[in-house]
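Structure at a glance
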Amino acid sequence: MSKGNLLIVDDEPIILKRLKFNLEDYADEVYTAENGLEALEVLKSKIVHCVICDINMPKMNGVEVIKSIRAEGNEVPFIFYTAHGNQDLMMEAVKYGAFDFLNKPNLDGLEDVVSRGLHEGFNRGMK
């Protein structure tokens, strides 16, 4: 049975590696991107059912990523995972339909939130 595909976006390579390792059993495919621009490329070229994204990144922050994909009509569940809980950015992310928020480096509940996000995205028929 398909679980769905996950995209992890973070500018810290060690975080990407750790999250990919922790979550690869929860998804069919786990894609990674080191910044928002790479994330947009993955979202254009791959089927993604859920996104985990850092908010504070160089080149393009997480809110700019969700804003850009929502403008294209993509409603993929978006989980923000950040150590820098900038209240203004988080409130803006809510406006664009953020699915959930988690705090780095605490991974408690990550698998559950990702499973729910993948399930939601898969059931919506995300492309």
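Okay, so let's go over this structure. For clarity, every value in this text was computed on a predicted model and none was experimentally measured. (Residues numbered from 1 in each chain as written. Predicted model: local features only at pLDDT ≥ 70, side-chain atom pairs only at ≥ 80, totals over all residues. Heavy atoms only, no water.)

Those residues of helix 3 (residues 62-71) that sit buried are Gly62, Val63, Val65, Ile66, Ile69 and Arg70. Projected down its long axis, helix 3 carries its buried residues within an arc of 160°, all on one side. Structurally, the start of helix 3 carries an N-cap: the backbone nitrogen of Val63 is 2.9 Å from a side-chain oxygen of Asn61. Positive backbone phi, approximately 85°, marks Gly73, located one or two places after helix 3. (Buried < 20%, exposed > 50% of the residue type's maximum accessible area, 1.4 Å probe, protein only. Helix = DSSP H or I, 4+ residues; strand = E, 2+ residues; numbered from the N terminus. Arc of directions from axis to C-beta. Polar contact = N/O pair within 3.5 Å; in protein donor to acceptor, adjacent residues only side chain to side chain.)

Of all five residues making up strand 4 (residues 78-82), five are buried, and the element is well covered by its neighbours. Along strand 4, one buried face is formed by Phe78, Phe80 and Thr82 and the opposite face, lined by Ile79 and Tyr81, is buried too. Pairing analysis gives three bridges linking strand 3 (residues 50-53) to strand 4, with the strands arranged parallel. If you follow Val51 over to strand 4, its bridge partner there is Phe78. Since strand 3 and strand 4 lie parallel, the crossover through helix 3 that links them has a hand, and here it is right-handed. (Pairing = 2+ DSSP bridges. Right-handed = clockwise from strand over helix to strand, strands pointing away.)

This part covers the packing of aromatic side chains. A complete count under the given rule lists two aromatic pairs for this structure. Residues Phe78 and Phe80 carry aromatic rings whose centres are separated by 5.1 Å and whose planes lie at 45° to one another, so their mutual orientation is tilted. You can call Phe80 buried: its relative accessible area is 0%. An aromatic cluster is built from Phe78, Phe80 and Phe101, whose rings are joined through pairwise contacts. (Phe/Tyr/Trp six-rings, centres within 6.5 Å; stacked < 30°, edge-to-face > 60°.)

Right, let's get into unusual backbone geometry. For Lys59, which is not glycine, the phi dihedral falls at a positive 75°. Take Lys59: it is sitting in the loop between strand 3 and helix 3.

Among the nonpolar cores identified, the biggest contains 25 residues, and Leu7, Val9, Val48, Val51, Cys53, Phe78 and Phe80 are the most heavily contacted of them. Mapped by element, the contributors of at least two residues to this core are strand 1 (5-9), strand 2 (29-33), helix 2 (36-45), strand 3, helix 3, strand 4 and helix 4 (87-95). Beyond its immediate stretch of four places on either side in the chain, Phe80 contacts Cys53, Asp54, Ile55, Gly62, Val63, Ile66, Ala93, Ala98, Asp100, Phe101 and Leu102. Of all hydrophobic cores here, the second largest spans 17 residues; its members include Ile8, Leu19, Tyr81 and Leu110. (Core = buried A, V, L, I, M, F, W, Y, C linked by side-chain atoms within 4.5 Å. Contact = heavy atoms within 4.5 Å.)

These results come straight from atomic positions and should not be treated as a statement about function.
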